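Descriptive structure summary
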Amino acid sequence: DVKVTQSSRYLVKRTGEKVFLECVQDMDHENMFWYRQDPGLGLRLIYFSYDVKMKEKGDIPEGYSVSREKKERFSLILESASTNQTSMYLCASRPGGPNNSPLHFGNGTRLTVT
Amino acid sequence: QQPVQSPQAVILREGEDAVINCSSSKALYSVHWYRQKHGEAPVFLMILLKGGEQKGHDKISASFNEKKQQSSLYLTASQLSYSGTYFCGPQDRGSTLGRLYFGRGTQLTVWP
């Protein structure tokens, strides 16, 4: 079974802090995703990576950056956390290209910025 | 870029049927469907690849109309276990790298 592991289930940070959310997958997938989930807004794509060091912006990249130095690890970075970034963050992975493979999600990180 | 899902919420009694619709403004390669239960990660239900293709998962099936850029999820004789939020993820033809957007979700509640 594919395993996507997010390093923290719950995280509390202060406004202005630099925050790292880590995601690791064990299936050598090319594609990795970061989504943000808020009530009523569904799953919004923040960033997408299709290979090591390759990335694309999603719908809501403002205030976020990403890092993919190794294939298995995709990090989401909040350069200066703000209260409106309090949310549930979901990481996902799957094989590359337009294909019929499903996304495998991690269990999510619930981030609270105070 | 988010696809449009309707309805936003559905409340059913066990045994009743429901339809969830998903539409995109882009030409589609495929459509994914996922279900998320409260406090859990979304779980894959099915992928539809061809125009008109229908797939099934238990008593949950779906259709895909390429021309209309739409997909519908059909839940027949609903069970308590069907409760959750359903998301569609249309993959557009321009996304050759595999990028995937999701809709806002449809919250389905099934009562005994």
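Every value quoted in this text rests on a predicted model; they were computed, and no experiment measured them.

Parameters at a glance
- Residues numbered from 1 in each chain as written.
- Chains lettered and ligands numbered in written order.
- Predicted model: local features only at pLDDT ≥ 70, side-chain atom pairs only at ≥ 80, totals over all residues.
- Heavy atoms only, no water.
- Helix = DSSP H or I, 4+ residues; strand = E, 2+ residues; numbered from the N terminus.
- Rg over C-alpha atoms; globule rule 2.2 N^0.38 Å.
- Contact = heavy atoms within 4.5 Å.
- Lys, Arg positive; Asp, Glu negative; His and termini not counted.
- Charge placed at Lys NZ, Arg CZ, Asp CG, Glu CD.
- Buried < 20%, exposed > 50% of the residue type's maximum accessible area, 1.4 Å probe, protein only.
- Pairing = 2+ DSSP bridges.
- Core = buried A, V, L, I, M, F, W, Y, C linked by side-chain atoms within 4.5 Å.
- Salt bridge = Lys/Arg side-chain N within 4 Å of Asp/Glu carboxyl O.
- Phe/Tyr/Trp six-rings, centres within 6.5 Å; stacked < 30°, edge-to-face > 60°.
- Lys NZ or Arg CZ within 6 Å of the ring centre and 35° of its normal.
- Buried area = accessible area lost by both parts, 1.4 Å probe.
- Polar contact = N/O pair within 3.5 Å; in protein donor to acceptor, adjacent residues only side chain to side chain.

Re the overall build of chain A
- For chain A, the helix and strand inventory stands at zero helices and 11 strands.
- What you see in chain A, going N to C, is helices and strands ordered as β-β-β-β-β-β-β-β-β-β-β.
- In terms of overall size, chain A behaves like a compact globule, its C-alpha atoms giving a radius of gyration of 13 Å where 114 residues would be expected to give roughly 13 Å.
- Based on the C-alpha atoms only, the size of chain A along its principal axes is roughly 40 × 30 × 25 Å.
- Summarising the internal contacts of chain A: among those between residues at least 6 apart in sequence, 55% fall at separations of at least 24.
- Looking at chain A, you have 16 positive and 14 negative side-chain charges, and the mean spots of the two groups are 5 Å apart.

Things to note about unusual backbone geometry
Residue and element names in this part refer to chain B.
- Residue serine 6 is joined to proline 7 through a cis peptide bond whose omega torsion reads -5°.
- Inspection of the secondary structure assignment puts proline 7 in the loop between β1 (4-6) and β2 (9-13).
- With a phi close to 55°, glutamine 69 is a non-glycine residue in the positive phi region.
- Among the secondary structure elements, glutamine 69 is positioned in the loop between β7 (60-65) and β8 (70-75).
- The backbone of alanine 77 sits at a positive phi, close to 50°, despite the residue not being glycine.

Some thoughts on the pairing of strand β10 (residues 106-111) of chain B
Residue and element names in this part refer to chain B.
- Where burial is concerned, the two faces of β10 differ: the one with Thr106, Leu108 and Val110 is buried and the one with Gln107, Thr109 and Trp111 is not.
- Pairing of β2 with β10 involves five bridges; the strand directions are parallel. In the strand pairing of β10, arginine 13 is matched with tryptophan 111.
- Where strand β9 (residues 84-92) and β10 come together, three bridges link them in antiparallel fashion. By the bridge assignment for β10, glycine 84 is matched with leucine 108.

A few points about the nonpolar core
- Counting 21 residues, the largest nonpolar core has Trp33(B), Ile60(B), Leu73(B), Leu75(B), Tyr82(B), Tyr86(B) and Leu108(B) as its most contacted members.
- Contributing elements (two or more residues each) for this core: β2, β3 (18-23), β4 (28-36), β5 (43-48), β7, β8, β9 and β10 of chain B.
- Residues Val4(A), Leu21(A), Leu78(A) and Cys91(A) belong to the second largest nonpolar core, which totals 20 residues.

Observations regarding the pattern of salt bridges
All names here are of chain A.
- Under the definition given, this model contains seven salt bridges over all chains.
- When the shortest N-O distance is used, the salt bridge between lysine 18 and glutamate 79 registers 3.6 Å. Of this pair, lysine 18 sits in the loop between β2 (10-13) and β3 (19-25) while glutamate 79 sits in the loop between β8 (73-78) and β9 (87-94); the two residues are 61 residues apart in sequence, bridging distant segments of the chain.
- Among the residues examined, lysine 18 registers a relative accessible area of 46% and is labelled partly exposed.
- On the basis of relative accessible area, glutamate 79 is assigned to the partly exposed category, the value being 42%.
- Where aspartate 38 meets arginine 44, a salt bridge forms, and the shortest distance between an N and an O atom there is 2.9 Å. Arginine 44 shares its class with aspartate 38; the two are buried.
- A network of salt bridges, in which partner residues are shared, links Asp28, Glu30 and Lys71.

Quick look at the packing of aromatic side chains
- This model, assessed by the stated rule, comprises 10 aromatic pairs over all chains.
- Plain terms: the ring middles of Phe105(A) and Phe102(B) are 6.2 Å apart, the flat faces sit at 50° to each other, and that makes the pair tilted. Of this pair, Phe105(A) sits in strand β10 (residues 104-105) while Phe102(B) sits in the loop between β9 and β10, each in a different chain.
- The class of Phe105(A) is buried, set by a relative accessible area of 10%.
- The rings of Phe33(A), Tyr35(A), Phe48(A), Tyr50(A), Phe105(A), Tyr34(B), Phe44(B) and Phe102(B) are connected pair by pair, giving a single aromatic cluster.
- Lying over the aromatic face of Tyr10(A), Arg9(A) brings its terminal NZ or CZ to 5.9 Å of the ring centre.

Some points on the interface of chain A and chain B
- Contact with chain A, which involves 30 residues of that partner, is made by 24 residues of chain B.
- With both chains or domains summed, chain A and chain B bury close to 2,100 Å², and 57% of this area falls on carbon and sulfur atoms.
- In this assembly, chain A and chain B are joined by zero salt bridges.
- Between the two partners, chain A and chain B, sit eight residue pairs in polar contact (both at pLDDT 80 or more).
- Broken down by secondary-structure element, the contributors of at least two residues to the side of chain A that touches chain B are β4 (31-38), β5 (42-51), β6 (54-57) and β9 of chain A.

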